[in-house]
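Architecture and fold: a report
Listed here are the chains, written in short residue letters.
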Amino acid sequence: MTLRYTVGPFARPLGVAVAYLLASLGGLQFVLQPEGLAVFWPGSGLLLGYLLCTPQRDWAAAAGAAFCGNLAANLAHGNAPGLSAGFATVNALEPLVSAWLIARTRGPERWFDATADAVRLAAVPLLVCGGAALAGAALLAPPGTAAFWSVWKVWWLADALGAVLFASLVVAWATPAYRAAQNRAELLESVAAVAVLAAAAGYIFAPTGAGRNELLLLPYPVIFLLLCVTWRSDLRWGTTAAVGTSLIAVRATLRGDGPFAALGGSAADRVLLTQAFCAAAGLSALVLGAALQARRLAEAELRAKKRLLRLVLDSMGDALLVTDKHGHVVLKNAAFDRLHGPADPWPSDPGEWPRAFGVYLPDGTTLCPPEALPAVRAAQGEASDNVRLLLKTAGHPEGVSVSVNGRPLVGEAGVEGGVIAIRDITPTVRAEAGRREREQRFRAIFHTQFQFIGLLDTRGTLLEANRTALAATGVAESEVLGVPFWDTPWWTHDPVQQVLLRAAVDRAAAGESVRFEAHHPTRDGGTVWVD
């Protein structure tokens, strides 16, 4: 997934620099004293999310632009130039390294195809920020001292929290939704849910006053509301709600308000509790949202495959029927419904199918035995090919001749069902009947003629001889069919006539009409002359 642009080559780095400047100025509003460090750093997450959504060839320019924006923000805040440059370097390299590691551990697939993406967005920044915080803390305190580790802890948690919350926010909104686009009602519901959550967080982290119910001031029930928002909408709104809740909580704690400030203790301890709360909220929304996105994507792919399967099945001219091993119908296509008509309710006992669907043997009067049905045979593990049957239904009272092929469906556990393909062969059956009828008429005429009639192929082989010719010579049909005509008893008595006949056959095969007189022996020893 990449973001596409139609702006000039300098507009994008300039936009990154301005965005990081504004994010840095915003982060500097959450400074913890006396460390002088921001406890919540949105810039690291925004830059990380931007890098994950852009081609790697643009990363160096984006990191350089972020360095400039961060440097300007630190100088504006009153930090020394050297210290500002050090802060900017660490803050620019940190998201760059995180993005590189995340890209190395995942393929080109879409974001949030699986919950592993949520783990990457949480674990990688957590580790990288821990290493980067060592360099950042060294800019403010001698390494190894208590002050150094205090600065390191604040820096690490601030950057890691900002990276997880804002990177997931950017990636979620930049990733095409894996569910249908929200309609107006769904959009209003999501906005209202986020608003209710913000109101609840604002109430819990508001300045403490007399008369407020302490049970309503517990912070962690907000996470339940956050999960409800994520469940009802999607990851985009879940991450939005998590960022909003975290901003409210951190701002209130630094101000000395809210349940964490009421616990007392040092400012650093109160901020640490708040950061833990924000991390729990952000990770909960991220993991749940990623799991929901993965499930919605899987459901969408399954629906698409089912739709494609249905289109394929319904586009086929042959009727298809799939049953389980017990003979219960699992799947059928539109051609099957057109051929058989509706069956409501569908007979659960395959033994009732011949009568329910009018399945007859080809004679059209005998119902097909249930055990001979190709569907039943296939479900029992037996294949069948070109089984001819006749279907008589309300839509086809005259009957439809069909040819049925059946195959068992064999899985790891053996035969799991069967599938049959039914083809309407009524035109073929009618054509065969017409051909048989024409052949019968031909033979009736052929065998009742008083002339001697024989049919030859172009090589002179006798294919047919009528009864008159066979009876005159007294030979059986089996003795002469398939034999060269000149080698049959009509001609073998006279070699001269055999030569004339062979020459006549060659001329006839070339398209010439040939006529000559000849004589044949008869069964009683006489001779018959023919033209």
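Everything discussed here concerns the structure shown above.
The present account deals with the structure reproduced in this document.

With that settled, the discussion passes to helix H7 (residues 184-204). Here H7 spans 30 Å end to end across 21 residues, near enough to the 30 Å set by a 1.5 Å rise per residue. Of all the positions in H7, only Ser-190, Val-194, Leu-197, Ala-201 and Ile-204 are classed as buried. In an axial view of H7, the angular spread of the buried residues amounts to 90°, which keeps them on one side of the axis. Exposed residues pointing more than 90 degrees away from the buried face of H7 are listed as Arg-184, Ala-185, Leu-188 and Val-196. Residues of H7 that are buried in the fold lie against helix H8 (221-232), helix H9 (235-255) and helix H10 (258-262).

Ordered by their spatial adjacency, 6 strands build an open sheet running E4-E3-E8-E7-E6-E5, and the pairing between neighbours is antiparallel. Two strands in the sheet have a free side with no partner beyond their single neighbour: strand E4 (329-332) and strand E5 (359-360). Sheet topology note: the E5/strand E6 (residues 384-391) ladder contains 2 bridges and is antiparallel. What sits directly across from Val-359, in E6, is Leu-391.

Core analysis: the biggest nonpolar cluster contains 41 residues, and Val-39, Phe-40, Leu-165, Phe-205, Leu-226 and Phe-277 have the highest contact counts within it. Going through the elements one at a time, helix H4 (81-104), helix H5 (116-138), helix H6 (146-174), H7, H8, H9 and helix H11 (267-315) are the ones with two or more residues in this core. Counting residues per element, this core draws most heavily on H6, at 9 residues. Setting aside residues up to four positions removed in sequence, Leu-165 forms contacts with Phe-40, Ala-242, Val-243, Ser-246, Cys-278 and Gly-282. Judged by nonpolar contacts, the second largest core, of 34 residues, contains Ala-17, Ala-118, Val-124 and Leu-235.

Here the focus is the pairing of strand E12 (residues 527-530). Both strand E11 (residues 518-521) and E12 contribute to a ladder of 4 bridges, which runs antiparallel. Considered in E12, the bridge of Pro-521 is made with Thr-527. Linking E11 back to E12 in an antiparallel pair, the connection comprises 5 residues, with Gly-525 at a positive phi of about 95°.

Thresholds, definitions, all that
Residues numbered from 1 in each chain as written. Predicted model: local features only at pLDDT ≥ 70, side-chain atom pairs only at ≥ 80, totals over all residues. Heavy atoms only, no water. Helix = DSSP H or I, 4+ residues; strand = E, 2+ residues; numbered from the N terminus. Expected span 1.5 Å × (residues − 1). Buried < 20%, exposed > 50% of the residue type's maximum accessible area, 1.4 Å probe, protein only. Arc of directions from axis to C-beta. Contact = heavy atoms within 4.5 Å. Pairing = 2+ DSSP bridges. Core = buried A, V, L, I, M, F, W, Y, C linked by side-chain atoms within 4.5 Å.

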